[in-house]
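What the coordinates show
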Amino acid sequence: MLIHDALRVNLQRIAASHWRADARLRSWGPAPLHADGETVSVPCAEGTVLWLGAWMEDAPTVARIVLDDPVDGSSGELSTDNGYQLCALVDASGQRQPIGLRGESLQRRLRLQVYREHGHGRTLAALDLVLLQPAAWERLSGREAPGPLREPPLPPRLG
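A brief look at the structure comes next. (Residues numbered from 1 in each chain as written. Predicted model: local features only at pLDDT ≥ 70, side-chain atom pairs only at ≥ 80, totals over all residues. Heavy atoms only, no water.)

1. Describing the overall build of the chain
- Counting secondary structure elements, the chain contains 1 helix and 12 strands.
- Seen in sequence order, the chain has helices and strands lined up from the N terminus as β-β-β-β-β-β-β-β-β-β-β-β-α.
- For 159 residues, the compact-globule estimate of 2.2 N^0.38 gives 15 Å, and the C-alpha radius of gyration of the chain, at 16 Å, lies within 12% of that figure.
- Considered along the principal axes of its C-alpha atoms, the chain spans approximately 45 × 45 × 35 Å.
- Within the chain, the fraction of its 159 residues that count as buried is 42%.
- Residue pairs in contact within the chain that sit at least 24 positions apart in sequence constitute 60% of those at least 6 positions apart.
- Approximately 9100 Å² of the chain is accessible, and the part contributed by carbon and sulfur atoms is 50%.
- For the chain, the distance from the average site of its 17 positive side-chain charges to the average site of its 19 negative ones is 4 Å. (Helix = DSSP H or I, 4+ residues; strand = E, 2+ residues; numbered from the N terminus. Rg over C-alpha atoms; globule rule 2.2 N^0.38 Å. Buried < 20%, exposed > 50% of the residue type's maximum accessible area, 1.4 Å probe, protein only. Contact = heavy atoms within 4.5 Å. Areas by Shrake-Rupley, 256 points an atom, 1.4 Å probe, with all protein chains shown as cover. Lys, Arg positive; Asp, Glu negative; His and termini not counted. Charge placed at Lys NZ, Arg CZ, Asp CG, Glu CD.)

2. Points about a nonpolar patch on the surface
- A cluster of nonpolar residues, Met-1, Ile-3 and Trp-55, forms a patch on the protein surface that exposes about 320 Å² of accessible area.
- Here Trp-55 shows up in strand β5 (residues 48-56).
- Judged by its relative accessible area of 33%, Trp-55 is partly exposed. (Patch = residues over 30% accessible without salt bridge, like charges linked within 9 Å, V, L, I, M, F, W, Y side chains within 5 Å. Salt bridge = Lys/Arg side-chain N within 4 Å of Asp/Glu carboxyl O.)

3. Examining the pairing of strand β2 (residues 7-15)
- Burial of β2 is extensive: 9 of the 9 residues sit out of reach of the surface.
- The alternating pattern of β2 places Leu-7, Val-9, Leu-11, Arg-13 and Ala-15 on one face and Arg-8, Asn-10, Gln-12 and Ile-14 on the opposite face, and all of these are buried.
- Alignment of strand β1 (residues 2-4) against β2, held across 3 bridges, turns out to be antiparallel. Residue Leu-2 lies in a different strand from β2, and its bridge partner there is Val-9.
- Counted between consecutive antiparallel strands, the loop separating β1 from β2 contains 2 residues, among which Asp-5 sits at a positive phi close to 55°.
- As defined by bridge partners, β2 adjoins β5 across 9 bridges and the pair is classed as antiparallel. Bridging from a neighbouring strand, Arg-13 pairs with Leu-50 of β5. (Pairing = 2+ DSSP bridges.)

Shown next as structure tokens:
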């Protein structure tokens, strides 16, 4: 989980086959993170895409999250006052695309910026979010990456 003041941002995994551009997505599990300065790396296996969940923890302010791909120009935005999921990046043709590695790519570097309105101005936090193939993430983090996603998890038991 990424934390900036009262803002919480969680990266979630879902199988690419279950991703829909116009749907609220259900988490198949949180994505592990590896932080190094202003860079956060996350494993992204073939057939897996990510979405970001964001909320304000005990704060009446609003945060805006912008995720950009500086290579292809795609971007997505989320404001905590009217939603909690960022599920896609909009490409140059206006099509919503999943957040994941492209084809055979070894990595994808995205720019995550947080704007938070408060008091007399705005504060800005920014970091690079790097999606890596699992083997590369394991070498970088020294931890085991989660396995590939095959089927959705069972819903929680109630009662």
